[in-house]
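Below are the chains, spelled out letter by letter.
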Amino acid sequence: MASEIIVQTIKGPTSGANANKIIIPSGQTLSAPGHVVQVVDRTGGARVTSGSTATWTPTNMDLSITPKFANSKILVIGNQPMRIYGTGVTVARGSQRIKRNVAGGSYTVIWNDAGHQEHIQTRTANSVTQELSHVVSWSVLDAPSYSLGDTLYYVPEGYVYGDTGVSQLILWEGS
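Residues numbered from 1 in each chain as written. Predicted model: local features only at pLDDT ≥ 70, side-chain atom pairs only at ≥ 80, totals over all residues. Heavy atoms only, no water.

Asker: What am I meant to see in the pairing of strand β9 (residues 152–160) here?
Answerer: Regular strands place side chains that alternate from one sheet face to the opposite one. Of all nine residues in β9, eight are buried; the element is thus mostly enclosed. Pairing of strand β2 (residues 57–58) with β9, which is carried by two bridges, proceeds in the antiparallel orientation. From the neighbouring strand, Thr-57 faces β9, where its bridge partner is Gly-158. Across three bridges, the pairing between strand β3 (residues 63–65) and β9 is antiparallel. Paired with Ser-64 across the bridge in β9 is Tyr-153. (Buried < 20%, exposed > 50% of the residue type's maximum accessible area, 1.4 Å probe, protein only. Helix = DSSP H or I, 4+ residues; strand = E, 2+ residues; numbered from the N terminus. Pairing = 2+ DSSP bridges.)

Put into structure tokens, the structure is as follows:
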């Protein structure tokens, strides 16, 4: 299928810096439904280390976006290296989730909303220090309800079970 642009009249310079360009007036937007309109990224964020168990721990990978249209869908894609470990454990279990808030309101979990806390795990029988490092990847298409001009905030979190002897959670720099 060929692309098609229909115009009645085009007026503009035929020479100089703006020759043969389409200039969108300030405050107006040119869009094509179903296409990427804007991209926001975040890489890095300081490592987060926590000794808390049975608690969701936010990473340093929060990201915000202010959609340009009232019906935009947001594709959230990320990778978060995560390590859980402890001494004398027979099971090490952990998980991640992503939550979002609109315009500073309350958070809603949008990925792993069932609260599964065993996305990553290791088991052993020899009672030595056990460690599991894993990169958790996610891709979620979010279609939140918001008003034009609202900022959406996305925050990944990590979790370790409190009944396993795991003593530490590390959420490394991700993207």
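Asker: What's the story with a nonpolar patch on the surface in this structure? I'm lost.
Answerer: On the surface, a cluster of nonpolar side chains totalling about 330 Å² of accessible area is made up of Leu-75, Ile-77 and Leu-141. Take Ile-77: its relative accessible area is 57%, and that puts it in the exposed class. (Patch = residues over 30% accessible without salt bridge, like charges linked within 9 Å, V, L, I, M, F, W, Y side chains within 5 Å. Areas by Shrake-Rupley, 256 points an atom, 1.4 Å probe, with all protein chains shown as cover. Salt bridge = Lys/Arg side-chain N within 4 Å of Asp/Glu carboxyl O.)

Asker: Where do I start with the nonpolar core in this structure?
Answerer: As a rule of thumb, nonpolar side chains are buried together in soluble globular proteins. With 22 residues, the main nonpolar core has Val-76, Ile-84, Ile-98 and Tyr-154 as its most contacted residues. Counting residues per element, the ones that place at least two in this core are β4 (74–86), β5 (91–102), β6 (108–111), β8 (130–142), β9 and β10 (168–171). (Core = buried A, V, L, I, M, F, W, Y, C linked by side-chain atoms within 4.5 Å.)

Asker: Is there a simple way to explain the environment of Pro-81 in this structure?
Answerer: Inspection of the secondary structure assignment puts Pro-81 in strand β4. Counting along the chain gives 52 residues from Pro-81 to Ser-133, while the straight-line C-alpha distance between them is 7.2 Å. In this view, Pro-81 contacts His-134, Val-135, Ile-170, Leu-171, Trp-172, Glu-173 and Gly-174; residues no more than four positions away in its chain are not counted. (Contact = heavy atoms within 4.5 Å.)

Asker: How should I be thinking about the side chain of Glu-157 in this particular structure?
Answerer: Locating Glu-157 in the fold gives a position in strand β9. Overall, the relative accessible area of 3% leaves Glu-157 in the buried class. Among the polar contacts made by the side chain of Glu-157, one reaches the side chain of Arg-97 at a distance of 2.5 Å. A distance of 2.9 Å separates the side chain of Glu-157 from the side chain of Lys-99, its partner in a polar contact. Sequence-distant contacts of Glu-157, that is, excluding residues within four places in its chain, are made with Trp-56, Thr-57, Pro-58, Thr-59, Ser-95, Gln-96, Arg-97 and Lys-99. (Polar contact = N/O pair within 3.5 Å; in protein donor to acceptor, adjacent residues only side chain to side chain.)

Asker: Would you explain the pairing of β5 in this entry?
Answerer: Counting buried residues along β5, 11 of its 12 residues qualify, which places the element largely inside the surrounding structure. Alignment of β5 against β6, held across three bridges, turns out to be antiparallel. The partner of Ile-98 across the bridge, within β6, is Trp-111. Hairpin geometry of β5 and β6 is characterised by an intervening segment of five residues between the two adjacent antiparallel strands and by a positive phi of about 55 degrees at Ala-103.

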